[in-house]
Amino acid sequence: MGRQQGNGSKAAGLLALLATSATATPILTPANWMRMVDNSLKGVAADVRSLFLSGTAPNNTSSRCKVYPGDRNWPSDETWANLNKLVENRLLDRPEPLASVCYNGTLYNAEECVKVTAHWNESYSHFDNAVEMMSPVAQGMTCLPPNIFDSRACTRGGFPMYVINATKPEHVQMGVNFARNTGVRLVVKNTGHDFLGKSSGQDALSIWTHYFKDIEYIEEYVDAETGYLGPAFKAGVGVQAFEIYKAAHEKGHSVVGGEGETVGIFGGYIQGGGHSPLTSLYGTGADQVLSFEVVTADGDYVTANSKSNTDLFWAMRGGGGSTFGIATSVTVKAHPDFPTTASRFSFTSEKIGNETFWAAIRDYVDYFIPNADAGTYAYWTLIPNVWTGIFSFSMSPFFAPNKTLEETHALLQPWFTRLEELGIDFNPNITHFDSYYEAWRSSFPLETVGKINATTGSRMFPRGNFETKEKRDELFQNLRQSSENNRVQVHFNIKAVDPANSDNAVNPAWRENILFAQQAVRWNSNGAAAETLKVRQEFQSGDMQRWRDISPGAGSYLAEADRLEPDFGQAFWGDKYPRLLELKAKLDPHDVFFATTSVGSERWKVESVDGLPNENGKLCRVEN
Ligand SMILES: Cc1cc2nc3c(=O)[nH]c(=O)nc-3n(C[C@H](O)[C@H](O)[C@H](O)COP(=O)(O)OP(=O)(O)OC[C@H]3O[C@@H](n4cnc5c(N)ncnc54)[C@H](O)[C@@H]3O)c2cc1C
């Protein structure tokens, strides 16, 4: 368990020692590594050397768009070859998307195509590929398995052209310097999980962080500034949930991370906030960060923590990925790996009828505040079937960290009694596990990714939406309306209050959250682009707007949201947005980093070839 300052002479002694020490963060990288990359440029010809130097200002700031093939400033093949040499031959030239094996050409392979098609909806298929992301809709749908969507040919669309398969901070520095100095668009891919597809960009240079895989256990991390004294893990940013959870369990710990087993929790997840099965107890993922190692927009390699580069540290905890710097490692608090109880159950309206079904859901809403306050996490879905008119509810799972079977039963029993009174057969399975790790492994589904005709919008409904019967009725009616409008809903009944009260850029709406709600709109994937756009816009002005109207001033979660979220600065960061904009201007004045809907991204737009919100087009400045 992370302990706080002030109790115990050992802690006081250590803190006193640190107060007099010049290196308060002994595990971190020495500052003299900062511009180490410039030392490796000695042998590079003078005329191209300037393209790799740190701290320089770009010389093409007046161009309307980033630099693209065919432009005068597009780097020559020789220059790309130089970059390849400087990143130790880790530059991939036009890496192939997964479905390239399905289309005519030298890569065609019918057998492989069958495999790619069969596993298309699994995240495990996508994260090991240098360019794939799990939202093909955001890529522009230009290379999918034909049995899933016929792209007619496999073209690069919104995929990057070059990828640095980085394994060292120097590789990242070199890529950042090159992008800044040439004006080529830069993107960062970790796993490609982001709902909005922010890890990609047409003809960009991508820095792929997947293979930063080191994990270091720190038995006693001391942060003299915040008073944190306790266990921690320092992890490379490519470490995924399933890897760190196992490593933490082996040391008798857990860490705050997503439920999704393949999420890159030290990449986009943690910088965007990040919710977790442990969030009702410990706050968001970003609240756990003790330190980052970061490559800045200047190409410097720095430590950002409570003592060094504090602005950067503040912004990177919640301000979103691909905005202020590229992290190469993150150090986070570790928590105990305590016994956990989990329950899964489901029911449909088929036998009981719709009114009874909705009476059951309405009743459940009454328990959201007490359940979140008890430290639990409920991951549940509402699925409509437009053909049969049947609605389905699934709890998968109700998750109670550090709770016994009896305690969990006591929390669920009032609602279960009501379900029984309503004559609902729901067959609950309540299981107690010796560890958080085993409970997590056994309870969560591997979710479907790679959808071709859907997008998700989200809303954090605050406590105020649940405090009176009238408010709960109103909220319930809005969820029911969404189901009746054929929206698939995914919900998280959690609170996200940080017990350490960290000052960071996490969306303030999280602190009030009781229900983090998602709804997805679907469309005909073979329809015209204009039809798709209309459906998406109507979703925003209709079902999403209803949710916003009943939760004024609340927000949406930047990593699980719609690219068309209006006023995204307010929605993703609330009253922290003005400071984030100031820091963006200070830390990345040349907009080296960009991702759609990121801080400051209003200045740019991807001019997509089909007019849909995706990465298949040039990134250009928005004309005033
Ligand atoms: C199946 C599934 C399950 C999920 N479960 C959860 C969950 O339980 N809780 C939750 O909160 N979210 C969850 N998410 C959402 C997830 O947190 C986001 O998709 C998040 O952005 C993933 O981060 P990533 O680094 O893995 O993904 P990527 O898509 O690779 O990156 C996301 C963004 O961060 C940037 N980025 C990545 N690494 C770095 C870095 N080192 N430095 C700077 N920028 C970087 C990228 O450029 C991009 O803009 C889930 C998503 C899916 C698809």
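The following paragraphs examine the structure supplied in this document. All values derive from a computational prediction rather than experimental measurement.

What counts and what doesn't
- Residues numbered from 1 in each chain as written.
- Predicted model: local features only at pLDDT ≥ 70, side-chain atom pairs only at ≥ 80, totals over all residues.
- Heavy atoms only, no water.
- Disulfide = S-S within 2.5 Å.
- Helix = DSSP H or I, 4+ residues; strand = E, 2+ residues; numbered from the N terminus.
- Buried < 20%, exposed > 50% of the residue type's maximum accessible area, 1.4 Å probe, protein only.
- Salt bridge = Lys/Arg side-chain N within 4 Å of Asp/Glu carboxyl O.
- Pairing = 2+ DSSP bridges.
- Axes fitted to C-alpha atoms, helices over the stretch in contact; angles between N-to-C directions.
- Contact = heavy atoms within 4.5 Å.
- Polar contact = N/O pair within 3.5 Å; in protein donor to acceptor, adjacent residues only side chain to side chain.

## Focus on the state of the cysteines
- Counted according to the given criterion, the structure contains three disulfides.
- Residue pairing for Cys65: its cysteine sulfur links by disulfide to Cys620, the two sulfurs lying 2.0 Å apart. Every disulfide takes its handedness from the sign of the S-S torsion; for Cys65 and Cys620 that torsion is 95 degrees, giving right-handed. Taken as a pair, Cys65 in the loop between α3 (46-49) and α4 (77-86) and Cys620 in strand β20 (residues 617-621) lie far apart in primary sequence, 555 residues in all.
- Judged by relative accessible area, which is 1%, Cys620 ranks as buried.
- Cys102 shares a disulfide with Cys113; S-S distance 2.1 Å. Because the torsion about its S-S bond is 105 degrees, the bridge between Cys102 and Cys113 counts as right-handed. Here Cys102 is found in the loop between β1 (91-93) and α5 (110-118), whereas its partner Cys113 is found in helix α5, with 11 residues between them in sequence.
- The class of Cys102 is buried, set by a relative accessible area of 10%.
- Take the cysteines of the chain that form disulfides and number them in order along the sequence; they join up as 1-6, 2-3, 4-5.

## Regarding the pattern of salt bridges
- Summed over all chains, the structure comprises 34 salt bridges.
- Measuring nitrogen to oxygen at the nearest pair gives 2.8 Å for the salt bridge that ties Glu615 to Arg185. Remark: Arg185 occurs in the loop between α8 (169-182) and β3 (186-189) and Glu615 occurs in the loop between β19 (604-608) and β20; sequence separation between them is 430 residues. By the burial criterion, Glu615 is buried, and Arg185 matches it.

## Quick look at the sheet that holds strand β2 (residues 162-165)
- Pairing in this open sheet of four strands is mixed, and the strands run β1-β2-β4-β3 from one edge to the other. In this open sheet, the two strands that pair with only one neighbour each are β1 and β3. Between one strand axis and the next, the sheet turns through 25 degrees on average, direction left out of account.
- As defined by bridge partners, β2 adjoins strand β4 (residues 205-208) across four bridges and the pair is classed as parallel. Across the sheet, Val163 pairs through a bridge with Ser206, a residue of β4.
- The sheet contacts of α4 involve β1, β2 and β4, and relative to β1 the element is tilted by about 145 degrees.
- Against the sheet, α8 contacts β2, β3 and β4, and its axis sits at roughly 160 degrees relative to β4.

## What to know about the environment of Asn504
- With respect to the helices and strands, the residue Asn504 is situated in the loop between β17 (488-493) and α18 (508-512).
- The exposure class of Asn504 is buried, given its relative accessible area of 0%.
- Separated by 160 residues in sequence, Asn504 and Arg344 place their C-alpha atoms 35 Å apart.
- Not counting the four nearest positions on each side in its chain, Asn504 is found in contact with Ala286, Asp287, Trp314, Arg317, Arg511 and Lys576.
- In this structure the side chain of Asn504 is engaged in a polar contact, spanning 2.9 Å, whose partner is the side chain of Asp287.

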